[in-house]
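Remarks on the overall topology
Residues per chain, in single letters:
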Amino acid sequence: MIFATPLILALIGVFVTLLIDGARLASIRSEMQSIANVAASAAADQSQSCTDDSADFARMQAQALAAARAAGFDGQDGDLQVIPGVLSPNASGELVFSARQADSQMAQTNATRVVYTRSEPVSSLFPERLISPISITVDATGRKEAVAILSATGTTATIDGGLLGSLIGSLTGISNYELDPTDLQSLSNTLVGVGDLLRTLGIDDVSDLVDVPLVDLLNATTSIVGGVASPVGGIVDNLTGAVGLTGLDASAIFDVVGSPYLSEGSTFPVYDLVISAVLNSVQVANQTGMGLLSLGLDSSESPLLGGLVGTLGLLGDVDLTLDLLVNQPPQIVIGPARQGPDGEWLTTVSAADIALAAAIDIELATSAVGGLVNALSLGLVNVSVLDRIQIPLIVEAGGGDATFIGADCAAGDNNSVNMDFQTVNSAATIETGRLNGTTGGVTSEAISATILRLQALFLDVNVCLDAELDVAVDVADGTGRLEFYELFCPDGQCQTQQVSQASSLGGGGLDIEVENLRLDCGQGGLTGLVSTILGGIVSPLTLVLSEVTEVVLGDIVSPLLAGLGADLGGVQVKVLGVDQTSSQLVENLGD
């Protein structure tokens, strides 16, 4: 027993030492984990999805080391391994980190993994020659990503409610369908919460939204905004009966890329959903035998056209018929600012691709024409107004893209995100001709009409108007930047903001030239009094053609196309919302 006591005491001492060493190693591991966490979180700021500059591995590594040393790291730089990559859910919803090449794939990154390895003696009592040191390794993965909700549709300020109402009425079969400015503003101001939409549809992830039948999406939206009895809900509900929508799913409206995470508080306006649904229906109608969708305006219905009648002396009346062909409807796009595995940017919002036939029908004012000819002929010639002048304009617009290429994420006490976009515009084409509703082809056609008959003693001459129009629209590719988009707004929903490379085409912004205007019916060689009369009416007729065309294109067609997502002046992007709640820190995720 005397000999056993020292042995027992020695064993107790060893046991206590091991307990102390175990606690020490656990403390060291905890300290290492804290350092790895800080480093990974800091380094993630330099991933592509959270920088408005090209992601750079040297900056990412330097930021990780600086943050680690500030947190107490005192080892060699090589003890801290910094790995750029992508953190995203797999098919089972589990987060998986995929490394990316530091020298060639930084533009694909949204996360950084930091692996911290340190050698420590097992025991403070026993020498290392008896018990070899152990290697302790911890890792942390930080993700920071701003996810944007984007749209290429214009604002309600740019679109004529009467035209949009007529379009919805044509698609749904509802006669005399009307939308007034209040309806349009309600569509723009009414927001649908992403969380509400997912719950109503019975799905868990925004990426699953694209697989939902489109009519189910419209019904869910109707329910969320107050049901069919509410003004906005009634408009959305009417669209469930629009041509062709029962055969589509929600991918016609939404494009969700990059496995994004959106908080339940993220929202989007009903207006953008409605415009996309309408143009999807038009596209189906174009492709299934209905041909072009026709909308009509006359001077009694349009203050713009009516104003022309009052200001242009020779103009008696003007009617406008618009025939619509949709090649590509606009979508609401949800995604981050980074590239995919193929090296292409993930998040691109495309303008609608639309062809529009604008048939302008001009009636000359008999009294004004008679007065002018009477003055030019000193009362010797009588004049009769014959055919109306038709200007068969074809406008092909849209198809441009805007790509989300950078996001300077909010950090610290800064609550705003700066966003960068690269735009590639598709040049608008405006010419005189006819649009084939089946093939989408355009047949060129000049302006031609027999407009007047001049009669006097030994004189009976018809006056034919033949002319060509040249319309120039300047667009240029470029970059757009939206600064200081607030992630949190104390007063409620953050305001929709617009980034645009589009130029204003109203109010004289178009370059319109009336070319090769002739009045001789192809006869040529007219002299004397007839030549004097024709020479005197060339300028007034040229003015009528150019002014009417400018108002139709700049103040009616261009705003309509912009509101539908195909701006003549270039692609425009609306930022409907930005969410940065996908920022995440995961410890010891492993490979």
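Anything mentioned here points back to the structure above.
Residues numbered from 1 in each chain as written. Predicted model: local features only at pLDDT ≥ 70, side-chain atom pairs only at ≥ 80, totals over all residues. Heavy atoms only, no water.

Some details on the overall build of the protein
On a plain count of helices and strands, the protein comes out with 11 helices and 26 strands. Across the 591 residues of the protein, 50% fall into the buried class. Within the protein, contacts between residues at least 6 apart in sequence are counted, and of these 77% link residues at least 24 apart. Surface summary for the protein: the accessible area is close to 25000 Å², and the carbon and sulfur share equals 50%. (Helix = DSSP H or I, 4+ residues; strand = E, 2+ residues; numbered from the N terminus. Buried < 20%, exposed > 50% of the residue type's maximum accessible area, 1.4 Å probe, protein only. Contact = heavy atoms within 4.5 Å. Areas by Shrake-Rupley, 256 points an atom, 1.4 Å probe, with all protein chains shown as cover.)

Some thoughts on the pattern of salt bridges
Evaluated as defined, the whole model comprises 11 salt bridges. Between lysine 574 and aspartate 272 there is a salt bridge, with its nearest N and O atoms 3.0 Å apart. With lysine 574 in strand 25 (residues 572-579) and aspartate 272 in helix 8 (residues 270-287), this residue pair connects regions lying 302 residues apart in the sequence. Given the relative accessible area of 5%, lysine 574 is considered buried. You can call aspartate 272 buried: its relative accessible area is 1%. With a closest N to O distance of 3.4 Å, aspartate 319 and arginine 388 form a salt bridge. Of the two residues, aspartate 319 sits in strand 10 (residues 315-328) while arginine 388 sits in the loop between strand 14 (382-385) and strand 15 (389-398), which places them 69 residues apart along the sequence. You can call arginine 388 partly exposed: its relative accessible area is 28%. One salt-bridge network, in which partners are shared between bridges, spans Asp319, Asp361, Glu363 and Arg388. (Salt bridge = Lys/Arg side-chain N within 4 Å of Asp/Glu carboxyl O.)

Quick word on the environment of aspartate 237
Tracing the backbone through its elements, the reader meets aspartate 237 in helix 7 (residues 231-239). Taking the C-alpha atoms as reference, aspartate 237 lies 9.2 Å from serine 223; in sequence the two are 14 residues apart. Ignoring anything within four residues of it in the chain, the contact list for aspartate 237 reads Asn219, Thr222 and Val228.

Overview of the sheet that holds strand 15
Spatial ordering of the open sheet is given by 9-10-13-15-18-19, a layout of six strands whose pairing is antiparallel. Looking at strand neighbours, the two that pair on one side only are strand 9 (293-298) and strand 19 (442-444), the edges of this open sheet. Within this sheet the neighbouring strands show an average axis-to-axis angle of 40°, counted without direction. Pairing between strand 15 and strand 18 (residues 429-435): four bridges, direction antiparallel. When the bridges of strand 18 are listed, glutamate 396 appears paired with threonine 429. The sheet strands contacting helix 8 are strand 9, strand 10 and strand 13 (353-364), and the helix crosses strand 10 at an angle near 85°. (Pairing = 2+ DSSP bridges. Axes fitted to C-alpha atoms, helices over the stretch in contact; angles between N-to-C directions.)

Focus: the sheet that holds strand 3 (residues 111-120)
The five strands are arranged 2-1-3-4-26 in an open sheet whose pairing can be described as antiparallel. Sheet topology places strand 2 (95-99) and strand 26 (584-587) at the edges, where each strand pairs with a single neighbour. Shown here is a sheet whose adjacent strand axes are inclined to one another by a mean of 30°, direction ignored. In this sheet, strand 2 lies alongside strand 1 (residues 80-89) in antiparallel orientation, the contact comprising five bridges. Residue pairing for strand 2: valine 86 is matched across the bridge by serine 98. Lying over the sheet, helix 2 (residues 57-70) contacts strand 1 and strand 3, oriented at roughly 110° with respect to strand 1.

What to know about the environment of isoleucine 362
Structurally, isoleucine 362 can be placed in strand 13. A relative accessible area of 0% places isoleucine 362 in the buried class. Sequence-distant contacts of isoleucine 362, defined by excluding residues within four places in its chain, comprise Leu315, Asp317, Val318, Arg388, Ile389, Ile391, Val544, Leu545 and Val548.

Overview of helix 5 (residues 194-201)
Regarding helix 5, the residues found buried are Val194, Gly195, Leu197, Leu198 and Leu201. For helix 5, the buried positions fall inside an angular range of 165° around the axis, keeping them on one side. (Arc of directions from axis to C-beta.)

By themselves these figures say nothing about function.
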